[in-house]
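Tertiary structure, described
Read off the chains here:
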Amino acid sequence: MAAKKAAESFSKSLMEEVQKWGCMKQTGVSLRYMMEFGSKPSHRNLLISGQFLHKELPIRIARRAIELESLPYGLSEKPAVLKVRDWYLDSFRDLRSFPDIKDTDDEKEFTKMIKAIKVRHNNVVPMMALGVQQLKKGMDPKIVYKDLDEIHQFLDRFYMSRIGIRMLIGQHVELHNPNPPPHCVGYIHTKMSPLEVAQNASEDARAICLREYGSAPEINIYGDPKFTFPRYVPTHLHLMVFELVKNSLRAVQERYMDSDRVAPPIRIIVTEGIEDVTIKVSDEGGGIPRSGLPKIFTYLYSTAKNPLDECSDLGTSDTVATMAGYGYGLPISRLYARYFGGDLQMISMEGYGTDAYLHLSRLGDSQEPLP
C-alpha cells in the first residue's frame, strides 16, 4: 500500500511528460561506435556523450515506466512492481530536472547523477521477480505458461532495455576513469581473451558449487589461449559463462551425488569463426526432457527462492551474484548475448546431458535492439 501511495505522489504534469517522452524515437548505438567514440575521451567527446544521454535516457526510461502501468493479470498493482515503477519515475524526474549540459562542469555533475540512477536500479531484476512471485501466489494454477506469454514478452523487452540503459550509463561513467585498465575503452575490452574470461567465470561457478555441495565436478577448457577478441564487454561474457557453467555443475553434481562413479567433467570449447566467436558448454548431467525445453527461457517457472523474499530489505544493494537464485539466469543471459548481435541456444539429450552454445558476434556493428 505504501508503494502505491508513493506512486500516486507523482504530479499530473510529470505523468504527462512521461507520456510525451515515451512516444519519442529511441536512438540505438553499436558496440563499434561506442568503442570508436570512447577511444578519445576528450572534454568535447564527454560533453557530446553527456548531451546525448541527457536526451536519450529519459526516452528509454519513460517507455518502461509507461509499460509498467499496463501489465496484464494485475501485475502492475503488485507492491514490488509499484516500487520498480517509482524508481523509474524518480529517475525520469531527475533527468528531466537537470538543466541543459553546456560545459564540462555541467557534464561532471550530470555524470554524478546518472551514476546514482544506475545504483538506484541495481535491484530491479530481483524486485520484478518478487512481483511475479506475488502474482503467481494469487493466480489460478490452471493458467498454463503459454497464457503468460504476454508477461514473458514484456519482461524480455523490459530487461533488454535495462541492459541498454546500464551499458550507456556505465560506459559514460567509466570514460571518466583517470586510470583505465589496459586495452579498455570504458566497459569495452579491445583485446579480450574469451578463454581467460571463461576460466575466471568457471572458477567462480565452481566455488559456489563447492560451497553448496562440498564437492564439484572438474571443468576442462579447450581453445587457443592466444586468441583475443577486439570488441566485447568482459563483464557481460563473464555473467553468461558463469550462468551456463553453474547450471551444468549443478546438474552433474545432483546426478552423481549418491553414485559410486566419478562425476564426469564439464567441457568448455572456445572457437573463432569469421562471424562469431562460439563458446560451447557441455555436461553429462542427465539433460532436460523435450517438453521442458520451451520453459528454460521463461521467467515464470523457477521453484528457486528469490534472494529478496517478502520480508527482506528492498533497498539498492547489488545482488547480481545471486542472479540465478530465482531462475532468471538463462533468459537474461540470452538477452545479454542478443544485445550485441549474438545468441544463446540450448540442445539437450534427455538421459545424457546438455550442450549450450553461446554465440558472440565478432563484427560489433549490429545496432542495439531497442524494445
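Up top is the structure.
Residues numbered from 1 in each chain as written. Predicted model: local features only at pLDDT ≥ 70, side-chain atom pairs only at ≥ 80, totals over all residues. Heavy atoms only, no water.

Let us now look at the overall build of the protein chain. What the protein chain contains, in helices and strands, is eleven helices and seven strands. Of all 371 residues assigned to the protein chain, the portion counted as buried reaches 50%. Sequence separation of at least 24 residues holds for 80% of the intrachain contacts in the protein chain that already meet a minimum separation of 6. (Helix = DSSP H or I, 4+ residues; strand = E, 2+ residues; numbered from the N terminus. Buried < 20%, exposed > 50% of the residue type's maximum accessible area, 1.4 Å probe, protein only. Contact = heavy atoms within 4.5 Å.)

Before going further, it helps to examine the environment of Ser-9. As for its position among the elements, Ser-9 is in the loop between helix H1 (2–8) and helix H2 (12–22). Measuring from C-alpha to C-alpha, the distance between Ser-9 and Asp-86 comes to 9.7 Å, with 77 residues separating the pair along the chain.

All right, on to the pairing of strand S7 (residues 353–361) then. Burial analysis of S7 places seven of its nine residues in the buried class, which makes it a mostly covered element. Note that strand S5 (residues 276–282) and S7 share seven bridges and pair antiparallel. Bridge assignment links Asp-276 to a residue of S7, and that residue is Ser-361. As defined by bridge partners, strand S6 (residues 343–349) adjoins S7 across seven bridges and the pair is classed as antiparallel. Opposite Asp-343, over in S7, you have His-359 as the bridge partner. Between the antiparallel neighbours S6 and S7 lie three residues, among them Gly-351 with a positive phi of about 95°. (Pairing = 2+ DSSP bridges.)

What follows concerns the packing of helix H5 (residues 79–97) against helix H6 (residues 104–120). Two elements in contact, H5 and H6, have axes whose closest approach is 10 Å; the angle formed by their N-to-C orientations is 175°. One finds that H5 runs roughly antiparallel with respect to H6. Contacts from Trp-87, Asp-90, Ser-91, Asp-94 and Leu-95 of H5 reach H6 at Phe-110, Met-113, Ile-114, Ile-117 and Arg-120. Counted by class, the contact of H5 with H6 contains six nonpolar, one polar and three charged residues. (Axes fitted to C-alpha atoms, helices over the stretch in contact; angles between N-to-C directions. Parallel < 35°, antiparallel > 145°, perpendicular 65-115°, else oblique. Nonpolar A, V, L, I, M, F, W, Y, C, P; charged D, E, K, R; others polar.)

Read from one edge of the open sheet, five strands run S3-S4-S5-S7-S6, paired in mixed fashion. With partners counted over all chains shown, the strands left at the sheet margins are strand S3 (219–222) and S6, one partner each. Each strand of the sheet is rotated relative to its neighbour by a mean of 15°, with strand direction disregarded. As paired strands, strand S4 (residues 266–272) and S5 are joined by six bridges and run antiparallel to one another. Directly across from Thr-271, in S5, lies its bridge partner Thr-278. Packed onto the sheet, helix H10 (residues 234–256) meets S3, S4, S5, S6 and S7 and runs at close to 175° relative to S7.

Compared with the 28 Å implied by 1.5 Å per residue over 20 residues, the 28 Å span of helix H9 (residues 194–213) between its first and last C-alpha is a close match. For H9, every residue scored as buried is listed here: Pro-194, Leu-195, Val-197, Ala-198, Ala-201, Ser-202, Ala-205, Ile-208 and Cys-209. All buried residues of H9 project into a common sector of 150° when viewed along the axis, lining one side. Residues of H9 that are exposed and point more than 90 degrees away from the buried face comprise Glu-203 and Arg-211. Buried residues belonging to H9 abut S3, H10, S4 and S5. Taken from the residues just after H9, Gly-214 is the one with a positive phi, measuring 90°. (Expected span 1.5 Å × (residues − 1). Arc of directions from axis to C-beta.)

Turning our attention to the pattern of salt bridges. Summed over the entire model, instances satisfying the criterion amount to 15 salt bridges. Between Arg-60 and Glu-368 there is a salt bridge whose closest N-O contact spans 2.7 Å. Of this pair, Arg-60 sits in helix H4 (residues 43–69) while Glu-368 is found in the segment after S7, placing the two residues 308 residues apart along the sequence. Assigned by exposure class, Arg-60 and Glu-368 land together as buried. Here the salt bridges do not stand alone but share partners, grouping Glu-56, Arg-60 and Glu-368 into one network. (Salt bridge = Lys/Arg side-chain N within 4 Å of Asp/Glu carboxyl O.)

Moving on, we come to helix H7 (residues 124–137). Its 14 residues give H7 an end-to-end C-alpha distance of 20 Å, which sits within 8% of 20 Å, the value for a rise of 1.5 Å per residue. Taking burial as the measure, the 14 residues of H7 include eleven buried ones, the bulk of the element. Within H7 the residues assigned to the buried category are Val-124, Val-125, Pro-126, Met-127, Met-128, Ala-129, Leu-130, Gly-131, Val-132, Gln-134 and Leu-135. On its buried side, H7 packs onto H4, H5, helix H8 (149–174) and helix H11 (329–339).

This brings us to the packing of aromatic side chains. Inspection of every chain in the model, using the stated rule, returns eleven aromatic pairs. Measuring from ring centre to ring centre gives 5.0 Å for Tyr-299 and Tyr-328, while their planes differ by 70°; the resulting arrangement is edge-to-face. Of this pair, Tyr-299 sits in the loop between S5 and H11 while Tyr-328 sits in the loop between S5 and H11, and the two are 29 residues apart along the sequence. Accessibility classification places Tyr-299 together with Tyr-328 in one group, the buried group. A network of ring pairs unites the aromatic residues Tyr-88, Phe-154, Phe-158, Tyr-159, Tyr-299 and Tyr-328 as a single cluster. Over the face of the ring belonging to Phe-297 we find Arg-334, whose NZ or CZ atom lies 4.0 Å from the ring centre. (Phe/Tyr/Trp six-rings, centres within 6.5 Å; stacked < 30°, edge-to-face > 60°. Lys NZ or Arg CZ within 6 Å of the ring centre and 35° of its normal.)

Now for the packing of H10 against H11. Relative to each other, H10 and H11 sit at 145°, their axes nearing to 9 Å. Between H10 and H11 lies a crossing whose hand is left-handed. Taking contact as the criterion, the partners of His-236, Leu-239, Met-240, Glu-243, Leu-244 and Asn-247 in H10 are, on H11, Gly-329, Leu-330, Ser-333, Tyr-336, Ala-337 and Tyr-339. For the contact of H10 with H11, the class distribution of residues is seven nonpolar, four polar and one charged. (Left-handed = near helix turned anticlockwise from the far one by under 90°.)

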